[in-house]
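Listed below, chain by chain, are the residues.
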Amino acid sequence: MSSESEEQQLSKKAAKKEAAKQEKMRRRQEAAALASSAASLSVEEDPYSSNYGDVSLPELKSCSQTDAGNWSLAVSSMEWTCVGELTQFLKEKEVLIRGRVHITRPVSKNMAFVVVREKGFTVQCLVTTQGEGVSRQMVKFVAGLNRESIVDAIGVVSVPENPIKGTTQQVELHVRKLYCVNKAMPTLPINVEDAARSDAEIEATLQSGDKLPRVNQDTRLNFRVLDIRTPANQGIFRIQCQVGTMFRQFLLSEGFVEIHTPKLIAGSSEGGSAVFKLDYKGQPACLAQSPQLHKQMAICGDFGRVFEIGPVFRAEDSYTHRHLCEFTGLDVEMEIKKHYSEVMDIVDRLFVTMFDVLNERCQKELEAVGRQYPFEPLKYKPKTLRLTFEEGIQMLKDAGVEVDPLGDLNTEAERKLGQLVLEKYDTEFYILHRYPLAVRPFYTMPCYDNALYSNSFDVFIRGEEIISGAQRVHVPEFLAERAQACGIDVNTISTYIDSFRYGAPPHGGFGVGLERVVMLFCALGNIRKTSLFPRDPQRIAP
């Protein structure tokens, strides 16, 4: 090929390159012109500019009516309506709602949809220029909102002919005004929509050839503030709230007094090495493993019946689905009149009442949890089943499971016994009592008829232990003897033992982890799901 033809080819390539460059520049100029044209229709020139926009910081500082802006004037005379309250009964009513931008769906320059979410409930909002007071600029503003931004919307409730897919509320809000109260960043570390998907939904899309993002447990916990916005998590922690509320209300109705005990103590409250040690002004101290010692002292102080809801700290290296280093303890202590079964009677009535109330009052929350984490409702009886430890051991032996008759049950044995109890008695909630003394804390009272056993009990849900309780030793000399036998330095608990030297009634009690109750009631499989900000051996943030 001659040099002349080569030059011609090069010049053709250069011409093509230059033409492409010019075309690119032309498109940029057109885009700039369009942007300029759009800018010329500025908010100030929009006759409906007062119906939308970002709320200014001065307005959010609770400014006076004289300094009020568009948003303040729009919402000042209206009552707020929760998204979860939007039903067909509000048809053609004008309402004011606040929520987060769940998703936006621009349809055209004249129409956009935005799904607004509040506390796990969602509603579809329609913004269209056919509506009253809505301009193209407003449609563009709404379509450009970032997910998770907080918005206030004013509109009229409409009931569509066909069911709305993808929202909890089966009504549509025809928006007249919409203001962005706070913007979320454009790109989020996790999307709430992704975090809310069930495993079944993800697996179904995989089988159909598609792939949806799966948000793993660690990622959820790293960005917990986003994760707890999902409908399931909103349900979980509202159920947890009800558990705590019912615990308090039931015990108050039974004559119990709520107390608050110290979490900084000189010795270990349970014995053993699983304590968080710290320096207390030059003295060795630790975080309380339970309020055990102090709630017993409260009984000795003539309160008769006490309970506490508070933090509990365990330094054990347990990397399991049901252990945390910090959890919320629900603790009870009470005077015993005749028999330690009186404590079990309280457990029975307390939890049956609690389960009944949860099933009655938390139907929406339980449904929200079940959509992401499907589970079968807990089976329990109006009168809770009670078995002795020896009876439980015999059931295991009859099923071919060999266990130490004077040892504790391991996790596998507990689950197997739970399965056997369900098959025989049709219940997943039961009490196992008269445990071997050797596996119980030093302050547990031995059985009167066999010193190898104790007046103690555990309570199980779905084959897992949730409650541990017992009659306590209230005789100081015997208590000191039991402490020494368990390897506890009596000097570190001298004030505890001394409190029984001034006269102490027979008493007993129990403790239960709030997070574990919710985990097992909803069959969630991991206690980190029911701890708002979990603390385990590997996590101390956020």
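The structure under discussion appears in the preceding block.
A brief look at the structure comes next. (Residues numbered from 1 in each chain as written. Predicted model: local features only at pLDDT ≥ 70, side-chain atom pairs only at ≥ 80, totals over all residues. Heavy atoms only, no water.)

**Section: the overall build of the chain**
The secondary structure content of the chain amounts to 17 helices and 17 strands. Relative to a compact globule of 542 residues, whose C-alpha radius of gyration would be 24 Å, the chain shows 32 Å and is clearly more extended. When the backbone C-alpha atoms are referred to their principal axes, the chain occupies close to 105 × 75 × 55 Å. The buried share among the 542 residues of the chain stands at 49%. Summarising the internal contacts of the chain: among those between residues at least 6 apart in sequence, 69% fall at separations of at least 24. Put simply, the chain shows about 27,600 Å² of open surface, and 51% of that area lies on carbon and sulfur atoms. Placing the 65 positive and 71 negative side-chain charges of the chain at their respective mean positions leaves the two points 5 Å apart. (Helix = DSSP H or I, 4+ residues; strand = E, 2+ residues; numbered from the N terminus. Rg over C-alpha atoms; globule rule 2.2 N^0.38 Å. Buried < 20%, exposed > 50% of the residue type's maximum accessible area, 1.4 Å probe, protein only. Contact = heavy atoms within 4.5 Å. Areas by Shrake-Rupley, 256 points an atom, 1.4 Å probe, with all protein chains shown as cover. Lys, Arg positive; Asp, Glu negative; His and termini not counted. Charge placed at Lys NZ, Arg CZ, Asp CG, Glu CD.)

**Regarding the pairing of strand β14 (residues 429–433)**
Burial runs high along β14: 5 of the 5 residues are buried. The alternating pattern of β14 places Phe429, Ile431 and His433 on one face and Tyr430 and Leu432 on the opposite face, and all of these are buried. Relative to strand β15 (residues 456–461), β14 is paired through 5 bridges, and the arrangement is antiparallel. Residue Ile431 lies in a different strand from β15, and its bridge partner there is Val459. (Pairing = 2+ DSSP bridges.)

**Some thoughts on the pattern of salt bridges**
Summed over the entire model, instances satisfying the criterion amount to 35 salt bridges. Among the salt bridges present, the one from Asp194 reaches Arg197, with a minimum N-O distance of 2.4 Å. Comparing Asp194 with Arg197 shows no difference in burial state: the two are buried. Notably, a salt bridge pairs Arg248 with Glu258, separated by 2.8 Å at the nearest N-O pair. (Salt bridge = Lys/Arg side-chain N within 4 Å of Asp/Glu carboxyl O.)

**What about the environment of Tyr496?**
Following the sequence through the fold, Tyr496 ends up in helix α16 (residues 494–498). Remark: the alpha-carbon pair of Tyr496 and Leu479, spanning 17 residues in sequence, is separated by 9.8 Å. Apart from residues lying up to four places away in sequence, Tyr496 is in contact with Leu293, Gln296, Met297, Phe442, Tyr443 and Leu479.

**What to know about the packing of helix α9 (residues 231–253) against helix α17 (residues 514–521)**
Between two packed helices, what matters for the description is the angle formed by their axes and the separation of those axes. The interhelical angle for the contact between α9 and α17, taken along N-to-C directions, is 120 degrees, at an axis separation of 10 Å. One way to sum up the angle between α9 and α17 is to call them oblique. The element α9 and its partner α17 pack so that their crossing is right-handed. Taken together, the residues of α17 that come into contact with α9 (itself represented by Ile236, Ile239, Gln240, Val243 and Gly244) are Leu514, Glu515, Val517 and Val518. (Axes fitted to C-alpha atoms, helices over the stretch in contact; angles between N-to-C directions. Parallel < 35°, antiparallel > 145°, perpendicular 65-115°, else oblique. Left-handed = near helix turned anticlockwise from the far one by under 90°.)

**Thoughts on the sheet that holds β14**
One open sheet accounts for 8 strands, arranged β7-β11-β12-β17-β16-β15-β14-β13; its pairing is mixed. Each edge of the sheet is formed by a strand with only one pairing partner; in this case those strands are β7 (257–258) and β13 (385–388). Where strand β12 (residues 326–335) lies against strand β17 (residues 507–513), 7 bridges are found, and the strand directions are antiparallel. When the bridges of β17 are listed, Asp331 appears paired with Gly511. The sheet strands contacting α9 are β7, β11 (305–313) and β12, and the helix crosses β11 at an angle near 155 degrees.

**Quick notes on the nonpolar core**
By size, the foremost hydrophobic cluster in this structure holds 53 residues, and its most contacted members are Phe351, Met354, Phe457, Ile466, Ile467 and Phe510. Grouped together as the second largest cluster of nonpolar side chains are 26 residues, Ala112, Phe141, Val142 and Cys180 included. (Core = buried A, V, L, I, M, F, W, Y, C linked by side-chain atoms within 4.5 Å.)

**So, the sheet that holds strand β9 (residues 277–280)**
Reading across from one edge, β8-β10-β9 is the order of the 3 strands in this open sheet, with antiparallel pairing throughout. On the outer flanks of this sheet lie β8 (264–265) and β9, each paired with one strand and no other.

**Some remarks on the state of the cysteines**
Applying the stated criterion to the full structure yields 0 disulfides. No disulfide involves Cys486; its nearest neighbouring cysteine sulfur is the one of Cys447, lying 16 Å away. (Disulfide = S-S within 2.5 Å.)

**Concerning helix α4 (residues 136–143)**
Note on helix geometry: an α-helix contains 3.6 residues per turn, so any two residues three or four positions apart are oriented the same way. Within α4, the full set of buried residues consists of Met138, Val139, Phe141 and Val142. When α4 is viewed along its axis, its buried side chains cluster within an angular range of 160 degrees and face the same direction. Tucked inside the fold, the buried residues of α4 contact β1 (52–54), β2 (94–108), β3 (111–118), β4 (121–128) and β6 (172–182). (Arc of directions from axis to C-beta.)

**Considering the pairing of β9**
Where β9 lies against strand β10 (residues 283–287), 4 bridges are found, and the strand directions are antiparallel. Within β10, the position partnered with Lys277 by the bridge is Cys286.

**Focus on the side chain of Gln169**
When you line up the elements, Gln169 lands in the loop between β5 (150–158) and β6. Looking at Gln169, its side chain comes within polar contact range of the main-chain oxygen of Gly84, at 3.4 Å. When sequence neighbours within four positions are dropped, the list of residues in contact with Gln169 reads Val83, Gly84, Glu85, Leu86, Phe121, Thr122, Val123 and Ile164. (Polar contact = N/O pair within 3.5 Å; in protein donor to acceptor, adjacent residues only side chain to side chain.)

**Observations concerning the packing of aromatic side chains**
If you walk through the whole model with that rule in mind, you get 12 aromatic pairs. The interplanar angle of 20 degrees and the centroid separation of 5.4 Å between the aromatic rings of Phe355 and Phe521 together place this pair among those described as stacked. Linking Phe355 in helix α11 (residues 341–361) with Phe521 in helix α17, this pair joins segments that are 166 residues apart in sequence. On the numbers, 5.2 Å between centres and 75 degrees between planes, the contact of Phe442 with Tyr443 is edge-to-face. Across the pair, exposure class does not vary: Phe442 and Tyr443 are buried alike. Chaining the aromatic ring pairs together yields one cluster made of Phe351, Phe355, Tyr380, Phe429 and Phe521. (Phe/Tyr/Trp six-rings, centres within 6.5 Å; stacked < 30°, edge-to-face > 60°.)

**Describing the side chain of Asp331**
With respect to the helices, strands and loops of the structure, Asp331 is situated in strand β12. At a separation of 3.0 Å, a polar atom in the side chain of Asp331 contacts the side chain of Lys295. Leaving out residues up to four positions away in the same chain, Asp331 has contacts with Phe247, Pro291, Lys295, Val306, Phe307, Glu308, Phe510 and Gly511.

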